[in-house]
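These are the residues of each chain, in order.
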Amino acid sequence: MAANMYRVGDCVYFETSSTSPYQIRRIEELNKTASGNVEAKVMCFYRRRDLPNPLIQLADKHQLAQSEDSPVAMKLKKICLKTPIGEEQAAQAVLDPALVAMEEESTELPGTDGLAPKQRHQAKHRELFLSRHVETLPATHIRGKCTVTLLNETESLLSYLNKDDAFFYCLVFDPSQKTLLADKGEIRVGSRYQTEVTNLLKEGEEEPRNSEDLETLVWTPEHGLTDRQIDQFLVVSRSVGTFARALDCSSSVKQPSLHMSAAAASRDITLFHAMDTLHKSGYSIEAALSSLVPASGPVLCRDEMEEWSASEANLFEEALDKYGKDFADIRQDFLPWKTLKNLVEYYYMWKTTDRYVQQKRVKAVEAESKLKQVYIPNYNKPNPALLASGAGCAGGKAAVLNGGTNATNGTPAPLPHLCASCQVTNSNQWYAWGPQHLQYRLCGSCWQYWKKYGGLKTAGVFGESEAEAVKGARDGDETALSASHRPHRCTVLNCAKEFKLRAHLARHVATAHGAGEGARPVMKTRAAFYLRASPFTRLARRLARALRRPRHYARNPFAPINLHQVKHDCTLAMAGAGAGAGAAGAGSAGAARARGPVGAVAARLAAAHGSAAPRAQDWLALTPRDRMPAPHHVAFPKPPKAPDGSLMYERVASRAEIEARRNEPAPAPPLKRRAYDDFNGLDSAGAGAGAGREAGAPPPAKRPNKHPAPMQRPSREQYAAMCARAQATGQPLPAHVFTHVNGKPTNLTGRGGRRHVISWMDAPDDLYFRATDIAKAGRRTLSSGELRRGARAPWRPMRGAGGAAGGAAGGALPAAAGKAAAGAPPLQLVILD
Amino acid sequence: MAMQPHSKKRVCYYYDSDIGNYYYGQGHPMKPHRIRMTHNLLLNYGLYRKMEIYRPHKATADEMTKFHSDDYIRFLRSIRPDNMTEYNKQMQRFNVGEDCPVFDGLYEFCQLSAGGSVAAAVKLNKQASEICINWGGGLHHAKKSEASGFCYVNDIVLGILELLKYHQRVLYIDIDVHHGDGVEEAFYTTDRVMTVSFHKYGEYFPGTGDLRDIGAGKGKYYAVNIPLRDGMDDESYESIFVPIISKVMETFQPSAVVLQCGADSLTGDRLGCFNLTVRGHGRCVELVKRFGLPFLLVGGGGYTIRNVSRCWTYETSVALGVEIANELPYNDYFEYFGPDFKLHISPSNMSNQNTPEYLEKIKNRLFENLRMLPHAPGVQVQAIPEDAVNDESEDEDKIDKDERLPQSEKDKRITGEGELSDSEDEGEGARRDNRSYRAPQRKRPRLDKDLAQHKDDANSEDTKDDVKSVSNMEEPKKDVPPNA
Ligand SMILES: [Zn+2]
Ligand SMILES: [Zn+2]
Ligand SMILES: [Zn+2]
């Protein structure tokens, strides 16, 4: 209960994206919106991974200077933090070569000396950077509490590692200025700041001042009176006050009853006066009594509360309403005959009245939108990155993944998962992590760790570089920060495409890597692509046990391949063989280095060799599109152009999108579905076509292969996007999502061993072919030679076989070709040998 | 809470009936009215009649410039809401305007606050009282030439300066939730005043008060900072307060104590973030009182005014050694204390971020620092011949007044703090034994004896420059920090 009660001031996890780590925020305000939702005004803490690199280095340096343990820090600290000549000294100290050397030794956090490398790695996940940045988030996105404390030098980082949800900070990050500051004030030293300390008085020297000059005694406990006598005198003075009010005309008007007069005479002012009287009378009750009733009549003490007339009080309330508590203005415009002190005294007394209480109640209702705490129940919905586990949840959720296909397909036992962080193979839950195409998995506990601490438990295994890649891909800003002067380069492994504008990169990342995140709608991409296997891929194909089922993969091109397994196998297989290991290393590090277009490379090489700016060889340049051989028949004419020159496409939602939307609570805009084009003579293939036409009906996921599905052929990129989408919605991959590259050969322009992605605008429409029983039967009539030929040239009509057989052959082909698409870098799996 | 009969003290209380009517401005959290609320509670609890009640004088500019710079006080005296525009530049320079607004009667307010603390200090000096209370004081952020954190004139520094006339060493303790930076800065380089501040540290006003801020020059190790985190509760507070203060008393051996009782460390404070109850806060007063030294209690922060007045009322009762009922007596502001109308308050369920381990580590580090203090007990007074006067030490004093030390001077400070420790200290170990705190529960010497002692103080003061700490050289050496 208390754990789910979130109060102002609490530090909490916020989930703003299902795949990225939680954000850490401190609740500054909780406000109820008109719609009844609770919004939290929060202050941002940043993780190390959120900071640009140079700042991280700066932070490490600062840490070092603060560290107690290292000798260099000791020296630095002594000079720069403790004494007046701070910066010059620090600068000098840094110039000292010994110090510099020492400094270079350690760029770790302080207090990490006693830590194992793994703990040192994890300690970095616990460091946050405070900021003054405030944002507003829906309170329902809160995912738990954490603590963020200013790191104290006496603490070891281990004390944070040993506690869940404990973070520390040392520095303040300004996200707009990109600066780090130490949140530390300074005690200044110098005669302008310190006082001159008085000396002890010398012998015979006396304090020159008399107490009488410094103070006036108004009461002393050294009197002969008992408590009882004092109390009695107080009662008497109140009685005199009541009587005085009875005699006073103005009072009797205000206080029609004796009761009220007595109450008025009991206010503190009367009591203070009584005490003063006693004191002045030398604590003689007799003398005091007589001074209470002088010749002029009984003493009447009235405070502001009583002094003010009803109309004045009304005036005051009106003024208060109008001016607030600006008493100077109130006095000037409403009650000029009162002094400011009158007003203040009255105000504080007025606050005890019913009228104020009423007003306060009204205000309380107004302030109701400001909450002090809010109850947020535990969030139990599964994270979209959660991978459905194999047979266990076959009921409609069985993912058609290699690791999780159910036995009904006759596929072999699922391959074990391998946690990308801790390498375990056993976990109740698995989560997809990292860029889609890398297909990393995290075990349940590592996933929790990732969400909370923004990193992997272990460094270096599959490296945080991937995580960084995800981060970069997700946030173009960050990439821009570290490489503002360079072109924007895609940080996804094996891609490294460069773009002039960050927006282009963002679009590329979204489309090509499917890492667009929910925030940016994944475009309907239609980029066709062609993949040529690299030698490493081929090598891996032969080495990796996991892949020794080429036919299976050819038939199931949508089945992701466990890349860890592949890497693992390759590494094992190549262990011992130095060259082989090197190759594997290169393979896992990303075989394709971004060298730019061949022409550019040639030009650079030539320049390096001294020839002056040689023109790129003609044969190296890609054929301009307008000089490309035109197809005989344009199957997909370009749509009309919009006034701005862009092509106006009808938006076509992919199957995955439709499914994803169906699973979203928010109503999706009505989708225009476009007639699916049939290829490969499926129309004439009767039964097959008939089956393929059931576009609208969602396929039950249970036995996807048997189910008719719409004709849709997602591209490789789109496939990736779909996978992301499907996983993001917790859905199994639709069975019909597989790729089919028998589009227009003219679009497959890539030649150089690189993946060549054609703009989605130029790509042909999506096509999907599902082999029906008839098609399969027809396929069987083909010789293996024919099948292979068909696979290599999917656009070529099949000879010899009948309509059904033709359809069947076509069915086999896209599957094979699609395999090329589904296999993803860095180790491409292409069955076309 | 039953107090021992011997804990009955002569208590002087300073209050001006005008103080509650100074008004910082609309929306400003500082409300002098809380002092009046306290006063009315004291009257109706019957505590008023048990104390000497004084109306303080208005401190003069002369008195204030004992610490503050002349131009700053001149500025405070001249600035008014109606002539503010003429002082734009100075307002900036003296940091008056936002947190520290110009309000009607600003200077008078400062005069009353400072007048109370100075008069109280004089009272203690004259041994006319054992405990003095000035809830209108405690404005611990004010700097020499700068207003800060709702404070303009630092009545505490003025009070301590007054105490220093009769007391070789004065201890200042600050339990406001904010760091007592003004007082710490004022005495940062002297070893005659030790400032000990317990405060929230980290992303919090005023930003100073790091554990590593320990004083400079002669004052090194004489500033003690206890950086705390959100949610300090009574138990944690006592667990750090008791050992630190005991250790400070033992090593520093002050002969007078000033306690700043800022009530913004109470639970539910508008600006605070601790979770202390009135009882836990008052416990600090009780603990300090037990040391039996001349004791000046001042106010400070506190922005949930009903709790501030509860707290200071209770602490007055603690000072008096009188038990008071939890039921609040009726008074002019009774309605403020609803809905329960009780004296004591309950802590909130906020989490305490100060783990026992954290507090333990802080404590140990501070103990290490306190061990660096020259150890007084057992040191013999040793007459030093006239010709042994060290020129260097005189230079030292002069240089110290400069804003920045030349590098050569500073190196010495860094490397050999032990050698440079203030000479007066060591020269009067014997005398101190009579006057300063030695062990808890020890009663103060009788007044007449103390008076005689003053003469001694004055005597040794005469020769303080001559008394080089020869005898002391060996002892603290082994405590010299390894980095020196
Ligand atoms: Zn794991
Ligand atoms: Zn890319
Ligand atoms: Zn404060």
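Cut-offs used in this document
- Along each chain, residues carry numbers from 1 onward, in the same order as the chain's sequence is written.
- Here the convention is simple: chains get letters from A, ligands get numbers from 1, in the order in which they are written.
- Under the rules for a predicted model, residues below a pLDDT of 70 receive no local features and side-chain atom pairs below 80 are neither given nor counted, while totals for whole chains, interfaces and linings still include all residues.
- Side-chain numbers come from the whole structure's heavy atoms, not from hydrogens or water.
- Every helix listed is a DSSP run of H or I at least four residues long, and every strand listed is a run of E at least two residues long, numbered separately from the N terminus.
- Only protein chains enter the accessibility calculation, which uses a 1.4 Å probe. A residue is then buried if its area is under 20% of the maximum for its type, exposed if over 50%, and partly exposed in between.
- Should any heavy atoms of two residues lie within 4.5 Å, those residues are considered in contact.
- The accessible surface values rely on the Shrake-Rupley method and a 1.4 Å probe; as for residues, cover is taken only from the protein chains in view.
- At least two DSSP bridges between two strands are needed for those strands to be called paired.
- Here the axes come from fitting lines to C-alpha atoms, over the contacting stretch only for helices, and the angles between their N-to-C directions go from 0 to 180 degrees.
- Water is not part of the atom set, so a site may look incomplete; the donors themselves are N, O and S atoms within 2.8 Å of the metal, or 3.2 Å for Na, K and Ca.
- A four-donor site is called tetrahedral if each angle lies between 85 and 135 degrees; a four-donor site is square planar, and a six-donor site octahedral, when trans pairs exceed 155 degrees and the remaining angles lie between 65 and 115; all other cases are labelled irregular.
- UniProt positions are given in the numbering used here, feature names are shortened, and annotations may be inferred rather than shown by experiment.
- When two rings of Phe, Tyr or Trp (its six-membered ring) have centres within 6.5 Å they constitute a pair, described as stacked for plane angles under 30 degrees, edge-to-face for angles over 60, and tilted for the intermediate range.
- Think of it as a cone above the ring: NZ of Lys or CZ of Arg counts as a charge over the ring if it is within 6 Å of the ring centre and within 35 degrees of the ring normal.
- pLDDT gives the predictor's per-residue confidence on a scale running from 0 to 100.
- Patch rule: a residue counts if its relative accessible area is over 30% and it has no salt bridge; like charges are joined within 9 Å, and nonpolar side chains (Val, Leu, Ile, Met, Phe, Trp, Tyr) within 5 Å.
- A pairing counts as a salt bridge when a side-chain nitrogen of Lys or Arg comes within 4 Å of a carboxyl oxygen of Asp or Glu.
- Positive charges are assigned to Lys and Arg, negative charges to Asp and Glu, while His and the chain termini are left out of the count.
- The location of each charge is read from NZ of Lys, CZ of Arg, CG of Asp or CD of Glu.
- In protein, a polar contact means a hydrogen-donor-capable atom and an acceptor-capable atom, both N or O and within 3.5 Å, with residues adjacent in sequence counting only if both atoms are side-chain atoms; elsewhere, any N or O pair within 3.5 Å suffices.
- In this scheme, roughly parallel covers angles under 35 degrees and roughly antiparallel covers those over 145, while 65 to 115 is roughly perpendicular and the rest are oblique.
- Handedness of a crossing is defined here by the sense of rotation of the near helix relative to the far one, left-handed for an anticlockwise turn of less than a right angle and right-handed for a clockwise turn.
- Three classes are used: nonpolar for Ala, Val, Leu, Ile, Met, Phe, Trp, Tyr, Cys and Pro, charged for Asp, Glu, Lys and Arg, and polar for all others, with Gly counted as polar.
- In this description, buried area is defined as the sum, over both parts, of the accessible area (probe of 1.4 Å) that is lost when the two are combined.

S.K.: I'm lost on the overall build of chain A in this one. Help?
M.R.: Within chain A, the regular secondary structure consists of 33 helices and 18 strands. For chain A, buried positions account for 48% of its 833 residues. Expressed as a percentage of contacts within chain A between residues at least 6 apart in sequence, the contacts between residues at least 24 apart total 65%. When the accessible area of chain A is evaluated, it comes to approximately 40900 Å², of which 54% is carbon and sulfur surface.

S.K.: Looking at this structure, how should I read the sheet that holds strand 8 (residues 295-298) of chain B?
M.R.: Pairing between sheet strands relies on hydrogen bonds along the backbone, with the strands arranged either parallel or antiparallel. Strand order in this open sheet of nine strands is 9(A)-2(B)-1(B)-3(B)-8(B)-7(B)-4(B)-5(B)-6(B), and the pairing throughout is mixed. Looking at which strands have only one partner, the edges of the open sheet turn out to be strand 9 (215-219) of chain A together with strand 6 (223-228) of chain B. Put simply, the sheet's adjacent strands are angled 20 degrees from each other on average, direction ignored. Note that strand 5 (residues 193-200) of chain B and strand 6 of chain B share six bridges and pair parallel. Along strand 6 of chain B, the bridge assignment pairs B:Thr195 with B:Ala223.

S.K.: Help me understand the coordination of the zinc ion (ligand 1), please; the structure alone is not making it clear to me.
M.R.: For a metal with four donors in a tetrahedral arrangement, the ideal angle between donors is 109.5 degrees, while six donors in an octahedron ideally sit at 90 or 180 degrees. Residues and elements named next belong to chain A. Listed as protein donors to the zinc ion (ligand 1) are Cys-419 (SG), Cys-422 (SG), Cys-443 (SG) and Cys-446 (SG); their distances from the metal cover 2.1 to 2.2 Å. Its four donor atoms give the zinc ion (ligand 1) angles of 103 to 115 degrees at the centre, a pattern that matches the tetrahedral case. Going along the chain, you hit the donors of the zinc ion (ligand 1) in the pattern C-x2-C-x20-C-x2-C. Taken together, the residues span a long stretch of sequence, with Cys-422 in the loop between helix 18 (394-397) and strand 13 (430-433) and Cys-446 in helix 19 (residues 444-453) at a distance of 24 residues. Under the relative-accessibility criterion, Cys-422 is labelled partly exposed at 29%.

S.K.: Teacher, can you tell me more about the side chain of A:Thr242 here?
M.R.: All names here are of chain A. Take Thr-242: it is sitting in helix 8 (residues 227-247). The class for Thr-242 is buried, based on a relative accessible area of 13%. In this structure Thr-242 touches Leu-258, Ser-261, Ala-262 and Ala-265, once residues within four positions along its chain are discounted.

S.K.: Sorry if this is basic, but what is going on with the UniProt feature "binding site: substrate" (unreviewed entry) in chain B here?
M.R.: Residue and element names in this part refer to chain B. On the UniProt side, "binding site: substrate" (unreviewed entry) is annotated at positions that read Asp-99, Gly-149 and Tyr-303 here. These annotated residues cover 205 residues of sequence, and their C-alpha atoms lie no more than 13.8 Å from one another, placing them together at a single site. If you trace the backbone, Gly-149 turns up in the loop between strand 3 (131-134) and helix 6 (155-163). On the accessibility criterion, Gly-149 (9% relative accessible area) is buried. Setting aside its immediate chain neighbours within four residues, Gly-149 contacts Cys-100, His-141 and Phe-205. By the secondary structure assignment, Tyr-303 is in the loop between strand 8 and helix 10 (305-320). Note on Tyr-303: relative accessible area 7%, which makes it buried.

S.K.: Teacher, can you tell me more about the packing of aromatic side chains here?
M.R.: Two aromatic rings are characterised by how far apart their centres lie and by the angle between their planes. Counted under the stated rule, the structure contains 43 aromatic pairs over all chains. Between the aromatic rings of A:Tyr449 and A:Tyr453, the centroid separation amounts to 4.8 Å while the plane-to-plane angle is 55 degrees, which identifies the pairing as tilted. With A:Tyr449 and A:Tyr453 both in helix 19 and four residues apart, the pair spans about one turn of that helix. The two residues A:Tyr449 and A:Tyr453 agree in class, both being buried. Here the aromatic rings of B:Phe198 and B:Tyr237 are separated by 5.8 Å at their centres, their planes lie at 40 degrees, and the arrangement is tilted. Note that B:Phe198 is positioned in strand 5 and B:Tyr237 in helix 8 (residues 234-252), a separation of 39 residues in sequence. By relative accessible area, which is 0% here, B:Phe198 ends up buried. Take B:Tyr237: its relative accessible area is 1%, and that puts it in the buried class. Here a set of aromatic residues connected by ring pairs shows up, and it is made of A:Trp308, A:Phe316, A:Phe327, A:Tyr346, A:Tyr347, A:Tyr348, A:Trp350 and B:Tyr23. For the cation-ring pair, A:Arg143 lies above A:Tyr379, with the distance from its terminal atom to the ring centre recorded as 3.4 Å. A cation over an aromatic ring shows up here: A:Lys145 above the ring of A:Tyr6, its NZ or CZ 5.6 Å from the ring centre.

S.K.: Can you walk me through the confidence of the model for chain B in this structure?
M.R.: In low-pLDDT regions, the fine details of the predicted coordinates are not to be read closely. Residues and elements named next belong to chain B. On average, residues of chain B carry a pLDDT of 81, and 76% of them reach 70 or more. Taken as a whole, residues 1-6 scores under 50 in pLDDT and shows 11 contacts with residues more than four places along the chain or in a different chain. This model gives residues 438-484 a pLDDT under 50, and the stretch forms 80 contacts once residues within four places in sequence are excluded. This prediction of the complex comes with two scores: 0.63 for pTM and 0.79 for ipTM.

S.K.: Even after reading the chapter, I still don't get the environment of A:Leu55, so can you show me in this structure?
M.R.: With respect to the element layout, A:Leu55 can be found in helix 1 (residues 53-66). A sequence separation of 124 residues divides A:Leu55 from A:Thr179, and the C-alpha atoms of the two residues are 7.1 Å apart.

S.K.: It is not clear to me how a positive patch on the surface should be interpreted in this structure. Could you clarify?
M.R.: Residues and elements named next belong to chain A. A contiguous patch of positive charge, built from Arg-551, Arg-555, Lys-776, Arg-780, Arg-788, Arg-789, Arg-792 and Arg-796, is present on the exposed surface. The element that contributes the greatest number of residues to the positive patch is helix 32 (residues 784-792), accounting for three residues. Among the structural elements, Arg-796 can be located in the loop between helix 32 and helix 33 (803-822). On the basis of relative accessible area, Arg-796 is assigned to the partly exposed category, the value being 46%.

S.K.: Would you mind going over the sheet that holds strand 14 (residues 440-443) of chain A with me for this structure?
M.R.: All names here are of chain A. Within the open sheet, the three strands sit side by side as 12-13-14. Their pairing is antiparallel. A single partner strand is all that each edge strand has here, and the edge strands are strand 12 (386-387) and strand 14. Looking at chain direction, strand 13 and strand 14 are connected through four bridges and run antiparallel. Its bridge partner lying in strand 14, Trp-433 is registered against Tyr-440. The sheet strands contacting helix 19 are strand 13 and strand 14, and the helix crosses strand 14 at an angle near 95 degrees.

S.K.: I tried to follow the environment of B:Asn44 on my own but got confused; where do I start?
M.R.: By the secondary structure assignment, B:Asn44 is in helix 1 (residues 33-45). B:Asn44 sits 288 residues away from B:Asp332 along the chain, and the two C-alpha atoms are 9.7 Å apart. Every residue in contact with B:Asn44, bar those within four places of it in the chain, is listed here: A:Asp268, A:Leu271, B:Pro329, B:Tyr330 and B:Asn331. Side-chain polar atoms of B:Asn44 contact the side chain of A:Asp268, separated by 3.1 Å.

S.K.: Whenever I open this one, the packing of helix 8 of chain B against helix 9 (residues 278-289) of chain B confuses me. Can you help?
M.R.: Between two packed helices, both the angle of their axes relative to each other and the distance between the axes serve to describe the pair. Residues and elements named next belong to chain B. Relative orientation of the contacting elements helix 8 and helix 9 amounts to 20 degrees, with a least axis distance of 9 Å. By the angle between their directions, the pair helix 8 and helix 9 is classed as roughly parallel. Like other packed secondary-structure pairs, helix 8 and helix 9 cross with a definite hand, here right-handed. Residue-level inspection shows Asp-234, Tyr-237, Glu-238, Phe-241 and Val-242 of helix 8 in contact with helix 9, the latter providing Gly-280, Arg-283, Cys-284, Leu-287 and Val-288. Across the contact of helix 8 with helix 9, the residue classes break down as six nonpolar, one polar and three charged.

S.K.: Explanation requested: the interface of chain A and chain B in the structure shown.
M.R.: For interface size, the figure often reported is the accessible area lost on association. With 88 residues of chain A at the contact, the number on the chain B side is 97 residues. Among the residues chain A hides against chain B, the three largest losses belong to A:Ile187, A:Leu200 and A:Tyr348. Together they make up 10% of the total. In this assembly, chain A and chain B are joined by 13 salt bridges. Here B:Glu203 and A:Arg26 are joined by a salt bridge, their closest N and O atoms 2.7 Å apart.

S.K.: How do you make sense of the pattern of salt bridges when you look at a structure like this?
M.R.: On inspection of all chains with the given rule, the structure shows 42 salt bridges over all chains. For the salt bridge of A:Lys145 with A:Asp10, the shortest nitrogen-to-oxygen distance reads 3.7 Å. In this pair, A:Lys145 is assigned in strand 6 (residues 142-150) and A:Asp10 in the loop between strand 1 (5-7) and strand 2 (11-14), connecting sequence segments 135 residues apart. Its relative accessible area of 15% is what places A:Asp10 among the buried residues. Ionic pairing is found between B:Arg310 and B:Asp340, a salt bridge with its closest N-O pair at 3.4 Å. Placement of the pair is B:Arg310 in helix 10 and B:Asp340 in the loop between helix 10 and helix 11 (356-371), with a sequence separation of 30 residues. For B:Asp340, a relative accessible area of 33% puts it in the partly exposed group. Here the residues in one salt-bridge network are A:Arg209, B:Glu63, B:Glu162 and B:Lys165, joined through shared partners.

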